[in-house]
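Fold and contact review
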Amino acid sequence: VVVARHRDIKAKLAFYPTGAIAKLRQDYPNCYIYAIARHSTVFLGASPEQLVKLDGDQVDTVCLAGSIKRGETPDEDEQLGQQLLTSSKDRHEHDVGVRAIREALEPLCSELDVPDSPELMTVSNVYHLRTPIHGQLANGATLLQLVERLHPTPAVGGYPKDAALQFLRENETFDRGWYAAPLGWVDGNGNGEFIVALRSALVRSVRAYL
């Protein structure tokens, strides 16, 4: 089970979402930078995790599970990356995520390409274990059906899904709101891409709910 945490921050002056977005783009160039405004509230963040992409009958997704901080020196940084790759705890966590994706996609795909071992994804402040997964869609399934089967991932909920979600409903002490939700787009041909809305803040005036 993967529980979430939150912080409720109040500033002296109103937050400036456009400035925050520019800062996220600068600091996390290989993440998905997103922002959605609803009335006077803005939901924004920088997510490293793709949920699913569909182009014709080609399906792409990523298992992102297992992480470690970056080092302060090049030697320490390299050592920490190798530590993550060889960590039995993180590899087990990652393998659970890969298994869940495979179980979700196999009924909808005629082919599925899943690498045997993960690679390192580098973000400015952390390393992640990452496994890219590619499939060929079958049976006329749609992008939103893929989203429904993949969400929530074990990395934000747990595994098995039903038992983990039941635990979170009974024990997590706050409403996640849009946090970890599927966020994306779909075009008139049914193609599109969704991400997992991680590393987020809900901003309104002087308040930010992280």
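Only a predicted model underlies this, so the values are computations on that prediction, with no experimental measurement involved.

Definitions and limits used
- Residues numbered from 1 in each chain as written.
- Predicted model: local features only at pLDDT ≥ 70, side-chain atom pairs only at ≥ 80, totals over all residues.
- Heavy atoms only, no water.
- Helix = DSSP H or I, 4+ residues; strand = E, 2+ residues; numbered from the N terminus.
- Core = buried A, V, L, I, M, F, W, Y, C linked by side-chain atoms within 4.5 Å.
- Buried < 20%, exposed > 50% of the residue type's maximum accessible area, 1.4 Å probe, protein only.
- Contact = heavy atoms within 4.5 Å.
- Disulfide = S-S within 2.5 Å.
- Arc of directions from axis to C-beta.
- pLDDT = per-residue confidence, 0-100.

1. A look at the environment of C109
Secondary-structure assignment places C109 in strand β6 (residues 109-113). When the C-alpha positions of C109 and D57 are compared, they lie 9.0 Å apart, and in sequence the two are 52 residues distant.

2. Comments concerning the nonpolar core
L51, V52, V59, L137, L146 and L150 are the most contacted members of the largest nonpolar core, which has 25 residues in total. Breaking this core down by element, the ones donating at least two residues are β4 (50-55), β5 (58-69), α3 (88-105), β8 (126-137), α4 (143-150) and β10 (192-196). Apart from residues no more than four positions distant in its own chain, L137 is found in contact with L54, D57, V59, L108, C109, S110 and L146. Counting residues in hydrophobic clusters, the runner-up holds 14 residues, among them A46, V62, L64 and V203.

3. Some remarks on the state of the cysteines
In total, this model carries zero disulfides according to the counting rule given. Unpaired in terms of disulfides, C31 finds its nearest cysteine sulfur in C63, a separation of 16 Å. Among the residues examined, C31 registers a relative accessible area of 10% and is labelled buried. For the unlinked cysteine C109, the closest cysteine sulfur is that of C63, found at 16 Å.

4. What to know about α4
Taken as a whole, α4 has its buried residues at L143, L146, V147 and L150. End-on view of α4: buried residues confined to an arc of 100°, all on one side of the axis. Across α4 from its buried face, at more than 90 degrees, point the exposed residues L144 and E148.

5. A few points about the confidence of the model for the protein
Close inspection of predicted coordinates is inappropriate for parts of the model with low pLDDT. Residue-level pLDDT values for the protein average 93, and 100% of them are 70 or greater. Across the protein, β10 holds the top mean pLDDT of 97, while strand β7 (residues 119-122) sits lowest at 90.

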